[in-house]
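Report on the structure
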Amino acid sequence: MHIIDRRLNPGGKSFANRQRFLRRARAQVRRAVREASSSRSIKDAGKGGEVSIPAGGVHEPHLHRSSQGGTRDYVLPGNKKYVEGDGIPRPQQGGGQGSRASDSGEGEDEFRFALTDDEYLDLYLEDLELPDLAKRQVAGATSVQWRQAGYSVSGPPARISVPRTLRHSMSRRIALKRPKAEEIEALRLEIERLEREGGHFDELQELRADLEKRVMRTKRIPYIDPVDVRYRRLESNPKPIAKAVMFCLMDVSGSMNEHMKDLAKRFYSLLYLFLNRRYEHVDVVFIRHTHEAQEVDEQTFFYSRETGGTVVSTALFKMMDIVRDRYPVSDWNIYAAQASDGDNTSSDNAVVLGQLRDIILPICQYYAYVEVGMDDEEDHPGAGEPSTNLWRAYRRVPDDQPFAMRKVRHRRDIYPVFRDLFARRPEGVAAEGG
Amino acid sequence: MTLLAPQSKLLFEGPDWDFDLIKRVHEACGEIGIKEMGLDPYPNQIEVITVEQMLDAYASTGMPLFYRHWSFGKHFARNEAMYRKGYQGLAYEIVINSNPCIVYIMEENSATMQTLVLAHAGYGHSHFFKNNYVFKQWTDADGILDYLEFARGFIAKCEDRYGQEEVERVLDAAHALQSHGVHRFPRKRMPDLRSEQRREEERRLHGEQLFNDLWRTVPVGKRKRSKDEDERRKALLGLPEENLLYFLEKTAPRLAPWQREIMRIVRLINQYFYPQRQTKVMNEGCATYTHHRIMNRLHEKGQISDGSFLEFIHSHTGVVLQPSFDDRRFSGINPYALGFAMCCDIERVCTNPTDEDREWMGDIAGNGDPYGTLRDIWANYRDESFVSQFLSPRVIREFGLFRVVDDEEEEEMNVAAIHDERGYRKIRRALSHHYDIAYRDADIQIVDVDLAGDRKLILQHRVLDGVLLEETDAEKVLQHVAELWGYDVKLLEHDEAGAQLAEHTAQPRRPFA
């Protein structure tokens, strides 16, 4: 008998099969993922989980006799009261005793299984792309990262590699037979002893000559020669900016109700998920505003109530303050998402537009404006666009800016709108509002 | 043994186990299994695995290695979801019919469970695999792992060469025909999987050597078609043929050699599993009876503690539970329960028979050698014959078995037999029939092919008891047949009298080439 411990064997033997399965059912799984996401809470928006797809697409047919019709014969256990000749009414749903109908889940209408977080997100965010991700890199404003890359024969003294240098020195000394210090010392002592004891002259002479030769050799062959010296070489690698900051701007004045905030929150959480996948580090800054803007934490942002007028530009100024304080443009990718019901003090519109067009958009990777509305508002395609204050102002942002705006009324719209905003598009075409 | 102090006789205390303990337990089980019960198992190779690996093993029908296909991924996904939600527990072990016999045991099992598992799989199943005639006839325990290795390598090579999707199409088609890809009757040669790989090479070389373009140009005179020729043609093609995969692999005109090889792989692997389908009740009965015996003896000998024994009883009862037909948990007759009950009953008949037993099983009643009798039965029967010979009235009564006939012409289902004098034989015959694979699987044969004309392939389903094929599935499978065959295919459903009940046809949409 052998015992083999397989526990440490690499797991995931079925991984290749799973991939093949997902590839085959990709279209259905993707649809299922999108549907599932509309009914999920924000917390789980990015988590894997169970999806069910129509069994038809992954059905494995085989030749078997139908579960209906004909004469059937069953032997069943657990008879309690029947005697020969009794009649038993047929169970509702064919298949006799319902025993052999679905032993492996076949024949069911739905196939349920769990996706991992990664698989889920991959499908969820498929075909999406952050606009202008490459802008900074192309512009050469990336920072540089130094990396150790072997040794070189030249360099600043501070970068001398002592072990490497000594290694070379030692092999050179051995190869050139440089006398060791102990040998010379021993020789010298021997000569002294002979001198004291009045040794043989010839012998002394010979030893002295030997000593001199060795000392000369030691001088000719230095302990460390410039050819031994090695420096730790560094190589520069351009480092893409791996940090992003996401500004969430939201109007919290009285006109924004729970439903609208919920919509906004969903949009933000999607954006956050998305950024999280693309960047190593994502900061989120919440700025809420009424007639004045405040930076707050998430809880306050979504759940505390505030009253006051609506002056959108305050939020934009606040955002710029924070950028100047904490997020230097050279180090951070800046994204902003603004949610509002479209309300703004009329006199503020021009300020908002100016601030956005001239100051914010130039430093932003992307600025998305989502106008949230009520569920019951009229919503027929082609019904023209909203005519709120803010919407009209934002309409005047030039098309070539990294700016997009959409109107959202229902939870289920969020994902399509998000896809719409961030869909992969041909080079050079910026996201357009409208 | 008896000289030792009582506490030192215990194999283990508490739920923890280590490799030494497994070794000790294995030996102690062998002491009982081999010396007392006379079992003759393969040498065991015990592999400790994790939950994750158990799920992996589930997905590839328990085999340690398998070729790749999406359907295995699907099964994995399903099992995983069921397991994570707690709808379905995992088996404590998986055992593979190979030499040496591979037994997977889960790391989560307690020491008691490991003992149970070793007795169940390492002695029960292993003995059955090695000695049952169906397995001897049909499977090559020495070669299966090598063959699977070859299969996986070959299919991976094909994927590299022809693309995953092309290979997937062939596998899909072959899998669809799996249930009709076995030889039910042994041929002359014993299957020797090890030589398969060599034969594949040889066939290819031979084909290359014989190739001569001149044959194409040799003129052939037109021959008259006659009844004789029909017969001759069928005989040449080996028709009728019930092994659809085999026929298509050998004769489909347009398949490439690698496609035929893939079909062959699916067919041979399926053939390897064929005995397991025929011996479910016996196999589990043998293993369950063996573990029950071994655990009881270990307890009697003081090698396991009362606590462990109770843990075992708890688990054992769960395994052999047979819910009644009206129970929510009912899903057919539990092969563990029936097999175990029958084996225990045979033991009883051998040692302590009643008059009834003498009448029903005179040849073994009171022969006083239960282990010998059981070993003989385990070696020479399969489920169908096992039930028809050894299902005693007592077991029928204990299970409260009754037979129900459901004729669609009638208004209600009819109880045709219960556990009484008149019913025993009827129930026994009906249940034995139920385990007869030849009866359970639809009888489908390839009956003719029009080689001279439009090359239409004709299949026939012999309808039993008026039960037709499940239509949507049949259409889909037929489509696969058409792709493989490369020309039109027709499937006729005839009843016993020869009247046609249904007809399905399929045309190749994207034939293999």
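Here goes a summary of the coordinates provided.

Analysis parameters
Residues numbered from 1 in each chain as written. Chains lettered and ligands numbered in written order. Predicted model: local features only at pLDDT ≥ 70, side-chain atom pairs only at ≥ 80, totals over all residues. Helix = DSSP H or I, 4+ residues; strand = E, 2+ residues; numbered from the N terminus. Buried ≥ 20, exposed ≤ 12 C-beta atoms within 10 Å, placed from the backbone. Contact = placed C-beta atoms within 7 Å. Axes fitted to C-alpha atoms, helices over the stretch in contact; angles between N-to-C directions. Parallel < 35°, antiparallel > 145°, perpendicular 65-115°, else oblique. Left-handed = near helix turned anticlockwise from the far one by under 90°. Nonpolar A, V, L, I, M, F, W, Y, C, P; charged D, E, K, R; others polar. Pairing = 2+ DSSP bridges. Core = buried A, V, L, I, M, F, W, Y, C linked by C-beta atoms within 7 Å.

1. Some details on the overall build of chain A
On a plain count of helices and strands, chain A comes out with 13 helices and 13 strands. Here chain A, with 434 residues, has 27% of them falling under the buried criterion. Across chain A, every contact between residues at least 6 apart in sequence was considered, and the portion connecting residues at least 24 apart equals 81%.

2. As for the overall build of chain B
For chain B, the count of helices and strands is 22 helices and 9 strands. Residues counted as buried form 43% of the 513 residues belonging to chain B. Counting contacts in chain B only where the partners sit at least 6 residues apart, residues at least 24 apart contribute 73% of the total.

3. Re the packing of helix α11 (residues 244-251) of chain B against helix α12 (residues 257-278) of chain B
Residues and elements named next belong to chain B. Closest axis-to-axis distance for the α11/α12 pair is 9 Å, and the angle between their directions is 160°. Taken together, the axes of α11 and α12 are roughly antiparallel relative to one another. The two elements α11 and α12 cross, and the hand of that crossing is left-handed. Counting all contacts with α11, which are made through Leu-245, Tyr-246, Leu-248 and Glu-249, the residues of α12 involved are Arg-260, Met-263, Arg-264, Val-266 and Arg-267. Here the residues of the contact of α11 with α12 sort into 5 nonpolar, no polar and 4 charged.

4. Some remarks on the sheet that holds strand β7 (residues 457-462) of chain B
Residue and element names in this part refer to chain B. Strand order in the open sheet formed by 4 strands is β6-β7-β8-β9, and the pairing between neighbours is mixed. At either margin of the open sheet sits one strand with a lone partner, and together these are β6 (443-449) and β9 (500-506). Put simply, the sheet's adjacent strands are angled 20° from each other on average, direction ignored. Relative to strand β8 (residues 489-494), β7 runs parallel, the two being bridged by 6 bridges.

5. Some remarks on the interface of chain B and chain A
Contacts between chain B and chain A engage 79 residues on the former and 54 residues on the latter. Its residues assigned to classes, the side of chain B that touches chain A shows 36 nonpolar, 22 polar and 21 charged.

6. Topic: the pairing of strand β5 (residues 110-115) of chain A
All names here are of chain A. Of the two faces of β5, only the one carrying Phe-111, Phe-113 and Leu-115 is buried; Glu-110, Arg-112 and Ala-114 on the other face are not. Of the pairings in the sheet, the one linking strand β2 (residues 49-54) to β5 comprises 6 bridges and is antiparallel in character. Following the sheet pairing, Ile-53 is matched in β5 by Phe-111.

7. Section: the nonpolar core
One finds Ala174(B), Ile262(B), Val481(B) and Val489(B) to be the most contacted residues of the largest nonpolar core, which totals 161 residues. With sequence-adjacent residues up to four places away left out, Val489(B) is seen in contact with Leu457(B), Leu459(B), Leu478(B), Val481(B), Ala482(B), Thr505(B) and Ala506(B). Core analysis: the next-biggest nonpolar cluster, separate from the first, contains 61 residues, Phe267(A), Leu275(A), Phe302(A) and Phe403(A) among them.

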